[in-house]
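Reading the structure
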Amino acid sequence: MKALVRYSHLPKKLKIKEIPLPNIKNSKSEAIIEVKYAGICGRDLEHYRTKISKKKVPSVLGHEFSGIVKSIKRNKFKIQKGDRVTCETVKSVCKKCNSCKSGFYNLCKKRKNIGGSDCGAFASHIKVPTEFIHKLPSNVTLEEAALIEPLAVCYNALVSNSDIKKNSSVLIFGAGTIGLLSLKIANYKKAKVFLVCTPEDKMQKIIAIKNNVKNIYFNNTDYVKKILKDTNEKGVDLVIDTVGGVDKTFHDAIDLAKPGGQITKIGWFMKKDVKANFDNIVRKNLKIQGSFSHNFKIWENCIKLLSKKKIFIKDLISLKCDISEWKNAFNLLSNRKAIKILMSSNEKIS
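Residues numbered from 1 in each chain as written. Predicted model: local features only at pLDDT ≥ 70, side-chain atom pairs only at ≥ 80, totals over all residues. Heavy atoms only, no water.

Some thoughts on the nonpolar core
The criterion, for reference: Think of a nonpolar core as a cluster: buried Ala, Val, Leu, Ile, Met, Phe, Trp, Tyr and Cys residues, connected wherever their side-chain atoms sit within 4.5 Å. Classification of residues uses two cut-offs on accessible area relative to the type maximum, computed with a 1.4 Å probe and protein chains only: under 20% is buried, over 50% is exposed, and between them is partly exposed. Secondary structure elements follow DSSP: runs of H or I no shorter than four residues count as helices, runs of E no shorter than two count as strands, and numbering proceeds from the N terminus. Residues count as neighbours in contact if any of their non-hydrogen atoms are within 4.5 Å of one another.
One finds Ile148, Val170 and Leu183 to be the most contacted residues of the largest nonpolar core, which totals 47 residues. Residue assignment for this core shows that the elements contributing at least two residues are helix H3 (142-145), helix H4 (148-160), strand S11 (169-173), helix H5 (177-188), strand S12 (192-197), helix H6 (202-210), strand S14 (236-241) and helix H10 (296-307). At eight residues, H4 tops the list of elements feeding residues into this core. With residues up to four places along the chain from it excluded, the contact list for Ile148 reads Thr86, Leu136, Trp299, Cys302, Ile303 and Leu306. With 42 residues, the next largest nonpolar core counts Ile79, Ala121, Ala123 and Ile341 among its residues.

Quick look at the packing of aromatic side chains
Stated precisely, the cut-off is as follows: Geometry of aromatic contacts follows a simple scheme: Phe, Tyr and Trp rings, the Trp one being its six-membered ring, pair when their centres are within 6.5 Å, and the pair is stacked under 30 degrees between planes, edge-to-face over 60, tilted otherwise. Charge over a ring is defined by NZ of Lys or CZ of Arg lying within 6 Å of the ring centre and within 35 degrees of the ring normal.
Considering all chains together, one arrives at eight aromatic pairs under this definition. Their ring planes at 70° and their centres at 5.8 Å tell us that Phe173 and Tyr223 sit as a pair that is edge-to-face. With Phe173 in strand S11 and Tyr223 in helix H7 (residues 223-230), this residue pair connects regions lying 50 residues apart in the sequence. Put simply, the rings of Tyr48, Trp326 and Phe330 pair up and form one aromatic cluster. Between Lys15 and the ring centre of Tyr7, over which it is positioned, the NZ or CZ distance is 4.7 Å. Against the face of Phe269 rests Lys265, its NZ or CZ located 4.7 Å from the ring centre.

Notes on H4
Every α-helix winds through 3.6 residues per turn, so residues three or four apart in the chain are directed the same way. Our working definition: Helix span is expected to be 1.5 Å times the residue number reduced by one.
Over its 13 residues, H4 runs only 16 Å from end to end, short of the ideal 18 Å by more than 12%, given 1.5 Å per residue. Taking burial as the measure, the 13 residues of H4 include eleven buried ones, the bulk of the element. Along H4, the residues that are buried comprise Ile148, Glu149, Pro150, Leu151, Ala152, Val153, Cys154, Tyr155, Asn156, Ala157 and Leu158.

As for the sheet that holds strand S4 (residues 59-60)
Note: strands within a sheet are paired through backbone hydrogen bonds, in either parallel or antiparallel orientation. Quick reminder of the rule: For two strands to pair, DSSP has to find at least two bridges joining them.
Spatially, three strands are ordered S2-S1-S4 in an open sheet, and the strand pairing comes out antiparallel. Among the strands making up the open sheet, the edge pair consists of strand S2 (14-18) and S4. Inspection of the sheet shows strand S1 (residues 2-6) paired to S4 by two bridges, in the antiparallel sense. Bridged to Val5 within S4 is Val60.

Quick word on the environment of Cys302
Mapped onto the fold, Cys302 is located in helix H10. Since its relative accessible area comes to 0%, Cys302 is described here as buried. The spatial distance from the C-alpha of Cys302 to the C-alpha of Glu149 is 9.1 Å, given a sequence separation of 153 residues. For Cys302, the contacting residues outside a window of four places in its chain are Ile148, Leu151, Ala152 and Tyr155.

Re the pairing of strand S17 (residues 317-322)
Two faces belong to every sheet, and in a regular strand the side chains alternate between them. Heads up, the condition is: Handedness of a crossover: with both strands directed away from the viewer, a clockwise path from the first strand across the helix to the second marks it as right-handed.
With five bridges connecting them, S17 and strand S18 (residues 340-344) associate as parallel partners. Looking at the pairing, Ile317 lines up with Lys340 of S18. The parallel pair S17 and S18, bridged by helix H11 (residues 326-334), forms a crossover whose chirality is right-handed.

Shape is all these values report; function is a separate question.
Structural data, given as structure tokens:
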């Protein structure tokens, strides 16, 4: 089958190659899914631009996907051939640590990931563990299902790991896929949303406005002063920081969170030394919460939100294309001229 393969450890070494079709043979715990849509994640772009370990090549990226079950053994999860499904990013976990035993296998130190530790979804077919597959209701489209993974990231951050109430004020740093899905969940929880984005985020700003966000600030302005003014110098109840690789948003989050407020960090710092006024964390009695990944229950809750039409996410899909057009798709995303792009193989394999 054709796949988008990382063929060298050096940066920007991707190309369409022919690789073996996956099979499950005697495996009773795995299934083969025919990939219909695979979303390009910011992590895929970062992976593409950087040097990686030689041990990780060759490999196939892609961990946000949906499709049709093509091959599966009889299983207790009642998943059958022909089912419309999506799947978590987990390839394997230890199942022995406290995190695994308590249901938080997303925190397992030995976790391996699809599209990271193992070949991913930028191909026509993918092999996945049966226990992490989720069947889709008839009223949830395969396009929507390819966005459930980032939606689950945001659900975990805002619903599971944050104290968000009706009419509470929520400041979101970043207008990428995670930032926009976060504001949609904040809207679902009936919070008042503040958004900080870049001047280049034009289509992102339009989506935010259509989602009833009136308080939008650009990061090249003195937004701290403006937000404090717009909150009568009180600050906000909750800050969701989706931005990775910079200190400033975390530093400003401490200034903007009201006394007794909370900061939930999704975006990685990606460096050890972080500059911020940590004394203000103590003085303001702030709660600092990290939020990583998701688990089975969170995925099911997200699917219910989509099925019951409590949240609308299709407006984040900027483009659908064949994997042969991956270069254009990567460029559009890198230049912030698209939000979410779904790729398809469209390869017919009997």
